[in-house]
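# Structure assessment
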Amino acid sequence: MSGLRLFNLKGDVTEVVPRLAEVEADVQDLVEAHMQAMLGVTFLASEYGTGPVHGGRVDSLGIDENGSPVVVEYKRSTDAGVINQGLFYLAWLMDHRDAFRRLVRDRLGTQAAARVRWSAPRLICVAGDFTRYDLHAVREHRHAIDLVRYRMFGDEHFGLETVASAGGTRASARAGRRRGMAREKRAGRPDGAMGELAAAVDEVLLGLGEGVTKVENQTYTAYQRLQNFACVCPRKSRLLVYLKASPAEVELVPGFSRDVTGLGHHGTGNLEVRLHSERELERAQELFRMSYAAA
């Protein structure tokens, strides 16, 4: 299982024989208990009722690092209906925004409720496996969808692997660069040398892998691989890039990189990289790759 992320509830990492859960509820319980670490999503509710008209229950509701609502659906093994079922609940969610805002307010407070971002709600499907038709459907849909394969290892280890992702602003690196420059110009963001640098960073981050999706916010642009691995914040004379790479595992260079753990900033990530030129971008690419792998 290439790219597998292995979670141990006791904090260790090891290799054991993979297996599927006995029942679907075991998968749901594990993910809900550790949703922030596993999916980068804050857990809000389990088995959320959709009322008498829709007559169903959303397996899990959450909100991601960028404020996007998230529907999570689980299947023990392979189920051809998992995407359609998830999209059904995603459509319900878009028609019941006030109910979701109230849920966020009750769980996380009024400020979090005010930051809910409706432009790209997400569906995450966690299952034992997916069919080739599922993979094709993700590529064709206009919604933000992540297909995540799970495995259990013994009684204490749980592995997740993202097998397909689409949504946000998904594009090839070249097309993404052109559109990114146009968006920055329309939004009044830095142009000239900084605009060129922002476009170059965009191209590098989108080019790190097939599963990269891009989410535009007012103050930063997030690059996701299920979770954010980079957040780019433009300034007049530099770009600030926040990464999920651990500051303790890199050599910090004054004026170029610093540990911002516990410090307030836009976006997510504890490693800040400051870029003033494309020469510094070359220097930062290894940190970008480390963060991509960490996510």
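Just above, that's the structure.
This text gives an overview of the structure that appears in the document. (Residues numbered from 1 in each chain as written. Predicted model: local features only at pLDDT ≥ 70, side-chain atom pairs only at ≥ 80, totals over all residues. Heavy atoms only, no water.)

## Notes on the environment of Val-17
Here Val-17 lies in the loop between strand S1 (5-8) and strand S2 (18-19). Considered as a pair, Val-17 and Met-152 are 135 residues apart in the sequence and their alpha carbons are 8.2 Å apart. For Val-17, the contacting residues outside a window of four places in its chain are Met-152, Phe-153 and Gly-154. (Helix = DSSP H or I, 4+ residues; strand = E, 2+ residues; numbered from the N terminus. Contact = heavy atoms within 4.5 Å.)

## Here we look at helix H10 (residues 278-294)
Its 17 residues place the ends of H10 24 Å apart at the C-alpha level, agreeing with the 24 Å of an ideal helix rising 1.5 Å per residue. What H10 keeps buried is the set Glu-280, Leu-281, Ala-284, Leu-287, Phe-288, Ser-291 and Tyr-292. Residues of H10 that are buried sit in contact with helix H9 (192-206), strand S10 (221-225), strand S11 (227-234), strand S12 (239-243) and strand S14 (271-275). (Expected span 1.5 Å × (residues − 1). Buried < 20%, exposed > 50% of the residue type's maximum accessible area, 1.4 Å probe, protein only.)

## Focus on the pairing of strand S6 (residues 122-127)
The element S6 is largely enclosed, with a buried count of 6 among its 6 residues. The two faces of S6 match: Arg-122, Ile-124 and Val-126 on one face and Leu-123, Cys-125 and Ala-127 on the other face are all buried. Judged from the 6 bridges that link them, strand S5 (residues 69-75) and S6 form a sheet pairing that is parallel. By the bridge assignment, Val-70 is partnered in S6 with Arg-122. Bridging between S6 and strand S7 (residues 144-153) involves 6 bridges; their strand directions are parallel. Counted as the bridge partner of Arg-122 is Ala-144 from S7. (Pairing = 2+ DSSP bridges.)

## Here we look at the pattern of salt bridges
Counting across every chain of the model gives 13 salt bridges. For Arg-105, the salt bridge is made with Asp-106, and the minimal N-O distance between the two is 3.5 Å. The exposure class assigned to Asp-106 is exposed, which follows from its relative accessible area of 52%. Between Lys-214 and Glu-216 there is a salt bridge, and its shortest N-O distance comes to 3.9 Å. A residue is classified by how much of its surface remains accessible, and Glu-216, at 21% relative accessible area, is partly exposed. (Salt bridge = Lys/Arg side-chain N within 4 Å of Asp/Glu carboxyl O.)

## Quick word on the sheet that holds S10
Spatially, 6 strands are ordered S9-S10-S11-S12-S14-S13 in an open sheet, and the strand pairing comes out antiparallel. A single partner strand is all that each edge strand has here, and the edge strands are strand S9 (213-216) and strand S13 (257-259). Looking at each pair of strands side by side, their axes are set apart by 20° on average, direction ignored. By the bridge criterion, 4 bridges tie S9 to S10 in an arrangement that is antiparallel. (Axes fitted to C-alpha atoms, helices over the stretch in contact; angles between N-to-C directions.)

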